[in-house]
Amino acid sequence: MEYIIDCANIRTKEELHRILAETLHFPAHYGMNLDALYDCLGGISRKTHLILQNWAQIAPFAGAFRLVFNDAEDENPNLFITIQ
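Predicted model only: the values in this text are computed from it and were never measured. (Residues numbered from 1 in each chain as written. Predicted model: local features only at pLDDT ≥ 70, side-chain atom pairs only at ≥ 80, totals over all residues. Heavy atoms only, no water.)

1. Some remarks on the pairing of strand S3 (residues 79-83)
- Direction of pairing for strand S2 (residues 48-53) relative to S3: parallel, over a ladder of five bridges. Across the sheet, residue Leu50 finds its bridge partner in S3, namely Ile81.
- Crossover S2 to S3 through helix H3 (residues 59-75) is right-handed. (Pairing = 2+ DSSP bridges. Helix = DSSP H or I, 4+ residues; strand = E, 2+ residues; numbered from the N terminus. Right-handed = clockwise from strand over helix to strand, strands pointing away.)

Here it is in structure tokens:
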């Protein structure tokens, strides 16, 4: 599966969490925090390519998400993340 998220209009980290949860079909109990994000990304069991466009638009909070994405991608062989 390939998913594209355009970050151009995302203004808050809460909004990014919500969009990630909707796009990647996270469970209803998703905690909307970085630990929960890591857990959900780690649980992806089919080949998934997540493309995040206009990443620079979310610069104020992008760093913490990038760290989680990197760690999850290193741990989960089914997960591929491209940041543009």
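Still more ground to cover, so stick around.
2. With respect to the sheet that holds S2
- Spatially, the three strands line up as an open sheet ordered S1-S2-S3, and their pairing is parallel. Only two strands of the sheet have a single partner each, and these edge strands are strand S1 (2-6) and S3. Taken over all neighbouring pairs, the strand axes of this sheet differ in orientation by 15 degrees on average, direction set aside.
- Taken strand by strand, helix H1 (residues 13-24) contacts S1 and S2, and its axis lies near 160 degrees from that of S1. (Axes fitted to C-alpha atoms, helices over the stretch in contact; angles between N-to-C directions. Contact = heavy atoms within 4.5 Å.)

3. Structural notes on the packing of helix H2 (residues 34-42) against H3
- It is at 9 Å that the axes of H2 and H3 come closest, and there the two elements cross at 25 degrees. Taken together, the axes of H2 and H3 are roughly parallel relative to one another. Handedness of the H2/H3 crossing: right-handed. Contacts from Leu34, Leu37, Tyr38 and Leu41 of H2 reach H3 at Ala64, Phe65, Val68, Phe69, Asp71, Ala72 and Glu75.
- Each residue belonging to the contact of H2 with H3 can be placed in one class, and the counts come to nine nonpolar, no polar and two charged. (Parallel < 35°, antiparallel > 145°, perpendicular 65-115°, else oblique. Left-handed = near helix turned anticlockwise from the far one by under 90°. Nonpolar A, V, L, I, M, F, W, Y, C, P; charged D, E, K, R; others polar.)

4. Quick word on the nonpolar core
- Core analysis: the biggest nonpolar cluster contains 28 residues, and Leu20, Phe26, Leu37, Leu41 and Phe69 have the highest contact counts within it.
- Secondary structure elements with two or more residues in this core: S1, H1, H2, S2, H3 and S3.
- Per-element accounting of this core gives the leading share, six residues, to H3.
- Those residues in contact with Phe26 that sit more than four places away from it in its chain are Leu20, Ala21, Leu37, Cys40 and Leu41. (Core = buried A, V, L, I, M, F, W, Y, C linked by side-chain atoms within 4.5 Å. Buried < 20%, exposed > 50% of the residue type's maximum accessible area, 1.4 Å probe, protein only.)

5. Quick notes on the pairing of S2
- Across five bridges, the pairing between S1 and S2 is parallel. Bridge pairing in S2 links Tyr3 to Leu50.

6. Here we look at the environment of Leu34
- Here Leu34 lies in helix H2.
- On the accessibility criterion, Leu34 (29% relative accessible area) is partly exposed.
- Remark: the alpha-carbon pair of Leu34 and Arg18, spanning 16 residues in sequence, is separated by 12 Å.
- In contact with Leu34, not counting residues within four places along its chain, are His17, Ala64, Phe65 and Val68.

These results come straight from atomic positions and should not be treated as a statement about function.
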